[in-house]
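Observations on the three-dimensional arrangement
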Amino acid sequence: MIASKGYAAQTPESPLTPWNFERRDLGPHDVLIAIEYCGVCHTDIHLTRNEWFPGIFPMVPGHEIVGKIAAVGSHVKKFKVGNRAAIGVMVDSCMECEDCRNGQEQFCNVSPVVTYNNLDHSGKPAYGGYANNIVAPEHFALQVSDSVDLAATAPLLCAGITTYSPLRKWGVGKGHKLAVVGLGGLGHMAVKFGLAFGAEVTVLSTSAGKREAAKTLGAHHFVVTKNEEELKAAQRSFTHIIDTVAADHDINPYLALLKTNGVYMNVGMPVQPWQLSSFTLVTGNKVVAGSGAGGLPETQEMLDFCAENNIVSDIELIDIKDIQTAYERMLKGDVRYRFVIDMATLK
Ligand code: NAP
């Protein structure tokens, strides 16, 4: 076994604290990554606090992982020791079902293993990236260009692919009017991709104080959703909306902002189900769609696209001992736009 250390929640009620644990020894197709940075996703808060369902504790969260290859199994082809590498939201799957064969391993319906809060194929808990290392089959490790800012690349592994994938699927580009609901970790990446794909981008935010920051990101317009006048003026004006909100909210006022044939792409995962009227959908032929992270081929495509187009996340680098404060600040929407843990601070 490989000795590992990280930060874990021992129970859903306890703060994250230092914890020593073990990873499995490398199989022939596995790589060992020495983690340098890990992004902090709102999902980490949902899961460590049992907001969605009962979790597996102790829980080491983190699924926006970047670092360097420290060791490789005997059959590994894609990586050599010293290469940069990354892990996103999953670390294993059956590799044989229809979804796995189609490069949508995140929807494996036989034996998916998400990066943490899950059991691996040997029945042991999988531990995430708030740690000094991680072991995964090479198929689930992504290649990262040597030219990019590694810390600012970490959030691409979840916030990046989760927004890139639906914008690509629904063909958002030139001539489209895209609205991004919620300017947080996912939201700011949706703004960056929307602009890179050629769309006219509007931010729909509950925080009036983010207006200037949204402009700095390049957004063309900014609407404070708590301001009824501003919301009314935006009715029937968007071809696409991407909803990245982490908190419970009513989507009906946002659906009213779609043009006829508009598409509402949801990626946020608040706890309470939505109330949706059939009249809202029927009027204007609206599409409401979901999207879950992205498969391995598309995640690699997104990383390569970002490297070619100088796209990274806007981050605040933190010491791992400040993770609780980071969570509290995220809950207040007080981060521009992603906390990333500097794993050199893990002593
Ligand atoms: P985040 O950084 O905390 O951002 C969420 C944003 O939501 C906030 O910055 C805020 O933006 C907005 N917001 C907060 N409360 C709101 C409210 N009551 N009404 C409307 N807007 C509100 O979170 P994140 O890391 O981007 O994650 C967002 C959600 O996506 C989480 O639920 C997460 O679990 C989920 N997620 C899903 C996937 C997937 O595969 N689909 C992958 C990763 C994450 P403003 O201040 O601008 O309003």
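These remarks concern the structure in this document. (Residues numbered from 1 in each chain as written. Predicted model: local features only at pLDDT ≥ 70, side-chain atom pairs only at ≥ 80, totals over all residues. Heavy atoms only, no water.)

1. Brief notes about the overall build of the protein chain
Applied cut-off: Each helix is a run of H or I in the DSSP string that is no shorter than four residues. Each strand is a run of E no shorter than two, and both are numbered from the N terminus. As defined in this context, the radius of gyration uses C-alpha atoms, and a globule is described by 2.2 Å times the residue total to the power 0.38. Each residue is placed in one exposure class: buried if its accessible area under a 1.4 Å probe, protein chains only, is under 20% of its type's maximum, exposed if it is over 50%, and partly exposed if it falls in between. When checking whether two residues touch, look at their non-hydrogen atoms; a contact exists if any pair is within 4.5 Å. Neither His nor the chain ends is counted toward charge; the positive residues are Lys and Arg and the negative residues Asp and Glu. In this description, the location of a charge corresponds to atom NZ of lysine, CZ of arginine, CG of aspartate or CD of glutamate.
Counting its regular elements, the protein chain contains 11 helices and 17 strands. Expected size for 347 residues packed as a compact globule is a radius of gyration near 20 Å; at 20 Å, the protein chain falls within 12% of this value. Principal axes of the C-alpha set define a box for the protein chain whose edges measure 60 × 40 × 40 Å. Relative to its 347 residues, the protein chain shows a buried fraction of 54%. Contacts in the protein chain between residues at least 24 apart in sequence constitute 67% of all its contacts with a sequence separation of at least 6. One way to put it: in the protein chain the 30 positive side-chain charges average out to a point 5 Å from where the 36 negative ones average out.

2. Considerations on the pattern of salt bridges
Heads up, the condition is: Salt bridges are defined as contacts in which a side-chain nitrogen from Lys or Arg sits within 4 Å of a carboxyl oxygen from Asp or Glu.
Across all of its chains, the model carries 10 salt bridges by this definition. For lysine 321, the salt bridge identified is with aspartate 322, shortest N-O distance 3.8 Å. Taken together, the salt bridges that share partners define one network made up of Glu316, Arg329 and Asp334.

3. Overview of the site of the ligand
The criterion, for reference: To be near a molecule or strand, a residue needs just one of its heavy atoms within 4 Å of it. For this analysis, a polar contact is any N or O atom pair within 3.5 Å, provided that within protein one partner can donate a hydrogen and the other can accept it, and provided that sequence-adjacent residues contribute only side-chain to side-chain pairs. Amino acids outside the nonpolar list (Ala, Val, Leu, Ile, Met, Phe, Trp, Tyr, Cys, Pro) and the charged list (Asp, Glu, Lys, Arg) are all regarded as polar, and Gly is one of them.
Taken together, 28 residues sit near the ligand, with Ser205, Thr206, Ser207, Lys210 and Arg338 positioned nearest. Glycine 185 places a main-chain nitrogen or oxygen 2.8 Å from an oxygen atom of the ligand. One of the backbone nitrogen or oxygen atoms of methionine 269 is found 3.0 Å away from an oxygen atom of the ligand. When contributions to the shell around the ligand are tallied by element, the ones reaching two or more residues are helix H1 (42-48) and helix H5 (185-196). In terms of residues, the shell around the ligand owes the most to one element, H1, which gives 3 residues. Class assignment for the residues of the shell around the ligand results in 12 nonpolar, 14 polar and 2 charged.

4. Focus on the nonpolar core
Let me state the cut-off plainly: The nonpolar core is taken to be a set of buried Ala, Val, Leu, Ile, Met, Phe, Trp, Tyr and Cys residues, with the residues joined through side-chain atoms within 4.5 Å.
Grouped together as the largest cluster of nonpolar side chains are 52 residues, with contacts concentrated most on Leu167, Leu178, Val191, Phe193, Ile242 and Met302. Setting aside anything within four residues of it in sequence, one finds leucine 178 in contact with Leu167, Val172, Ala190, Gly194, Ala199, Glu200, Val201, Thr202, Phe238, His240, Ile242 and Met265. Residues Ile33, Ala131, Ile323 and Met330 belong to the second largest nonpolar core, which totals 38 residues.

5. Section: the side chain of asparagine 133
By the element assignment, asparagine 133 lies in strand E8 (residues 133-137). Overall, asparagine 133 belongs to the buried group, its relative accessible area being 7%. Separated by 3.5 Å, the side chain of asparagine 133 and the backbone oxygen of alanine 3 make a polar contact. Within the structure, asparagine 133 has its side chain in polar contact with the side chain of serine 4 (distance 2.8 Å).

6. Re the packing of helix H4 (residues 159-169) against H5
Defined as follows: Axis lines are fitted through C-alpha atoms, for helices just across the contact stretch, and the angle between N-to-C directions can take any value from 0 to 180 degrees. An angle counts as roughly parallel when it lies under 35 degrees, as roughly antiparallel when it exceeds 145, as roughly perpendicular when it falls between 65 and 115, and as oblique in every other case. Each helix crossing is assigned a hand: it is left-handed if the near helix lies turned anticlockwise from the far helix by less than a right angle, otherwise right-handed if that turn is clockwise.
Contact pair H4 / H5: the axes reach a minimum separation of 8 Å and the direction vectors enclose 45 degrees. Comparing the axis directions of H4 and H5 gives the class oblique. The handedness of the crossing between H4 and H5 comes out as right-handed. Along its contact with H4, which presents Ala159, Gly160, Thr162, Thr163, Tyr164 and Leu167, the element H5 presents Gly185, Leu186, Met189, Ala190, Phe193 and Gly194. Residue classes in the contact of H4 with H5 are distributed as 7 nonpolar, 5 polar and no charged.

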